[in-house]
Structures are given as structure tokens and as C-alpha cells.
Amino acid sequence: SDVGQDDQMSTNAVVSVPVPAGVRVGRVAAADKDEDDEFALIGAPRKWHKELRSIRQRERTTTANYVLSLLHDAGYVERAAAAARPWPLLANLRAGAWYAPPALRLGTCYFKSTDGHAGTWGFSMTRLNWHAAMMAAEKGGLVIVDATRRGKRFPDSLCKTIPIWCAVLNLLAEIEPGGIPGGHLGKSTPPASRVLPDWPLALPNFLSASEADQIRSRLPDFSAKLRARCAVQMRRQLGEALRGRLLWPVWECPPQILSAADALSAATAAADAYFKKARREPVPVIPVLLVSASQVTSEDASREQHSWTYIQGAGDDDEAWSAGLYPDCFWRHAGDLKAAAVRDAQE
């Protein structure tokens, strides 16, 4: 789902994610079209523009720019994590680990963006990320970091895969409206109350209502399959950990910084509004703060801010530059890499 869908407001919005002033969102084709028009005005051959693009691309994709972009975004993640204390932070593999040094994160999780792609929404039975749910329940909140490449503010893992995960685990824990754990442990089929069409599915407000409805329609199937595979003891463990609370996502991206109190307030307000609309009693929540590490910005704005070219989602494009380097090794040598990158960028 592209960021350009911001004007399509969903009734499932948790917190509005404003676009920073002066930032051009959506695909970058508009900038290319402007340059095409300028070249046409001066009668320049088409091949000149193609060559200019090629030069810019080579300039942009140097290893130094990737390294400096990662470190720049990691600074934002560090500030976001500090504001959200005492909640633990998990890096979503693979990209998230580039933005959170081992000392900052309590561990990793694995939510694939492909499970959130439009038309192929899914819930993975092999990547339950059970530890993430237990951690969120124990600490009262959780931070998950990921990133995406140019053109979008949030990867599908944060937009849809994790919200689906939250909704399915809430169903598995048998949370009744009113915050009372259900009493149907041991049954292989969820009761009808668990699959009502208004069962809470929290999605960011730039997703269309149509897509939200299509995702919600798949929750009963996801829930039934998970219940069939989970032992009664697992369902009981989850229900006892959540204690009548719902896992509820909240979204954050640069330049926003949300404190734990801010995120809890946003999640609570959104959940209350959701249940009020459904004419059901409100349920307490456990915020899952989903942090997209990279900023959407134009190349012109990037050049004004830095002496190097900023690359959004550098960690989501590691195969293009890392040459076998992996995140933990990157962070062990971050100081030397930064010094070398600064030298290269200045030459």
C-alpha cells in the first residue's frame, strides 16, 4: 500500500501519521517528469537526461551513502526507543537489525512483508513470534523497528502483517468484549462471538476501507487454523499473559517521537472509539509501537540537509551494498565504518 493513499481514511485508524512539511510522498516519478519537461524546454536530447539519471544513480548508491544513511536513521531509532522506555525493543528481520544495535534491542522478530501484500494477506503458522506477544504482555508494551525503501513511509510488515498478527492472537486468547478472558479453552472451533465482523482490526489510516474489510474477512480462517494447531496450554498461557487486554498497534515514523504514555494514550483512545462505534464495552490495550526507521524525503531536501546523499531504507536494500556484511558485524565496527564513509563522502 503506497503512502499516496493517505487521503483514503479508514475507520480502523489508530493514530494519524502526518507527512512532514515539504516532503513529497508517493513514487518519485513526479521528479523525473519535472526534469523531462525542463530538458524538453531547452531542446536537449533525451539521451542527456538518461545519462544524468545514470550519473545520479551511481553517485547515490555508493557504500558511503548507505552507511551514513543507516547511522542517521539509527539515531532516530535510539531516540524513539529512549522515549518509549521501559518497553523493550525488537528488530524485525532482516532490515530492522541494521537500525538497532545489539545493545539497544532485546532481541529480534520475523514478520514478513509478503504476508501483508495486497490480495495475499496471510498469517504465518511457522512464524508465530510468540516471544514478542509474551514480552509485550509482561512489559505492558513493545517497540518493533523495521524500514522500507523509497516511496513508502511504512513497510507492509508494519502496516498489515503485524496488525493481522495482533488481531489473530487476540482471538486466540479469547478476549471477550469487556476485558474478560473467554471460557472456551479446549474447544477446537472458536465460538461465533470470536469472528464477528466488527472484531477489532487496527490498521493505519492510509489503508482503504475496502482493503481493511477484505483483511478482516480472513481473520476467522486465520484464527481457526491457529487454534487447531495450538495446544490448549498455549492458549491458556496467552490468555493469562494478556489478562483481558488487547494487543493494539500504533505507528511512528520520522520525525515523530512518541513516549510510552503517548502511545498508550493513542492506542486506548483508538480502541475506545472502535468499541464505541461497535456498541461494545471498551477493552484495555497493550500498545505495540511500530517504528519505521527511515524518512521519506526528496533528493533535493536530502542534499540541503547532508553533505552526502540520504538513502531511505538502506537496510532494506542490503544486498546492493553490504558485500557479505551483516548487522551485528556492522555495529561492532560502526565507528570505523562511519569514519571511512565520511572520508569517502567528502572526496
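Since we're looking at a predicted model, the values are computed, not measured.

Quick word on unusual backbone geometry
Across the junction of Leu93 and Arg94, the peptide omega takes the value 5°, indicating a cis bond. Examined against the element boundaries, Arg94 turns out to sit in the loop between strand 1 (89-92) and strand 2 (107-109). Residue Pro255 is reached from Pro254 by a cis peptide bond, and omega for that bond is 5°. Secondary-structure assignment places Pro255 in the loop between strand 6 (246-252) and helix 8 (260-277). Of note in this structure, Asn129 is not a glycine but carries a positive phi near 50°. With respect to the secondary-structure elements, Asn129 resides in the loop between strand 2 and helix 4 (130-139).

Here we look at the pattern of salt bridges
Scanning the model with the defined rule gives 11 salt bridges in all. When the shortest N-O distance is used, the salt bridge between Asp115 and Arg127 registers 3.0 Å. You can see Asp115 sitting in the loop between strand 2 and helix 4 and its partner Arg127 sitting in the loop between strand 2 and helix 4, a full 12 residues away along the chain. A relative accessible area of 23% means that Arg127 is categorised as partly exposed. Residue Asp316 pairs with Arg149 through a salt bridge whose shortest N-O separation is 3.7 Å. Separated by 167 residues along the polypeptide, Asp316 in the loop between helix 9 (299-305) and helix 10 (327-332) and Arg149 in the loop between strand 3 (142-146) and helix 5 (156-172) bring together distant segments of the chain. By relative accessible area, Asp316 is classed as partly exposed at 24%. Each of the salt bridges in this network shares a partner with another, and the network as a whole consists of Arg149, Asp316, Asp317 and Glu319.

Conventions we followed
- Residues numbered from 1 in each chain as written.
- Predicted model: local features only at pLDDT ≥ 70, side-chain atom pairs only at ≥ 80, totals over all residues.
- Heavy atoms only, no water.
- Helix = DSSP H or I, 4+ residues; strand = E, 2+ residues; numbered from the N terminus.
- Salt bridge = Lys/Arg side-chain N within 4 Å of Asp/Glu carboxyl O.
- Buried < 20%, exposed > 50% of the residue type's maximum accessible area, 1.4 Å probe, protein only.

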